[in-house]
Amino acid sequence: MVGGYMTPKQTRKLLKNVGGPPRILQMTSLFYERFKQDSHLKQFMRDPSDPHETRLANWFVEKMGMGTPWTSELGIRDQEPVEVANGNTVA
């Protein structure tokens, strides 16, 4: 592939060795659980009910060479523009 990114075999192997997509989802879920508890950080999140955990996990999995779960979801996702709240950019 010219001009594009190809995931090295070692990266795909690392993803398998850590437990694959379920383990990545577990990690991102823990991250967002703590993120949502932080009064400063949570102001940057437009809608806490959005599946942020799954989206981030899918992005990691895709970048690590296991399919296109993040890209595949883009077409069905709500594409609202980023808003500014109290001078802060939120997603």
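Each remark here, short or long, concerns the structure printed above.
1. Considering the overall build of the chain
Moving on, step 1. The helix and strand tally for the chain stands at 4 helices and 2 strands.
Moving on, step 2. Counting helices and strands in the order they occur from the N terminus, the chain gives α-α-α-α-β-β.
Moving on, step 3. Looking at the chain as a whole, 20% of its 91 residues qualify as buried.
Moving on, step 4. In the chain, the share of contacts with a sequence separation of at least 24, taken over all contacts with a separation of at least 6, comes to 59%.
Moving on, step 5. Of the roughly 6,700 Å² of accessible surface on the chain, 57% is carried by carbon and sulfur atoms.

2. What about the packing of helix α2 (residues 20–37) against helix α3 (residues 52–63)?
Moving on, step 1. Axis separation between α2 and α3 bottoms out at 8 Å; the angle between their running directions is 140°. With respect to their mutual orientation, α2 and α3 come out oblique. As for the relative orientation of α2 and α3, their crossing is right-handed in sense. Between α2 and α3, the contacting residues are Pro21, Ile24, Leu25, Met27, Thr28, Ser29, Tyr32 and Lys36 on the first element and His52, Glu53, Thr54, Leu56, Ala57, Phe60 and Val61 on the second.

3. Let's talk about the pattern of salt bridges
Moving on, step 1. Within the structure shown, the criterion is met by 3 salt bridges.
Moving on, step 2. For Arg55, the salt bridge goes to Asp50, with nearest N and O atoms at 4.0 Å.
Moving on, step 3. Relative accessible area serves as the criterion here: at 15%, Arg55 is assigned to the buried category.
Moving on, step 4. In this structure, the salt-bridge partner of Arg55 is Glu73, at a minimum N-O distance of 3.7 Å. Taken together, the residues Arg55 in helix α3 and Glu73 in helix α4 (residues 69–74) connect sequence positions 18 residues apart.
Moving on, step 5. Glu73 sits in the buried class, given a relative accessible area of 17%.

The rules behind each value
Residues numbered from 1 in each chain as written. Predicted model: local features only at pLDDT ≥ 70, side-chain atom pairs only at ≥ 80, totals over all residues. Heavy atoms only, no water. Helix = DSSP H or I, 4+ residues; strand = E, 2+ residues; numbered from the N terminus. Buried < 20%, exposed > 50% of the residue type's maximum accessible area, 1.4 Å probe, protein only. Contact = heavy atoms within 4.5 Å. Areas by Shrake-Rupley, 256 points an atom, 1.4 Å probe, with all protein chains shown as cover. Axes fitted to C-alpha atoms, helices over the stretch in contact; angles between N-to-C directions. Parallel < 35°, antiparallel > 145°, perpendicular 65-115°, else oblique. Left-handed = near helix turned anticlockwise from the far one by under 90°. Salt bridge = Lys/Arg side-chain N within 4 Å of Asp/Glu carboxyl O.

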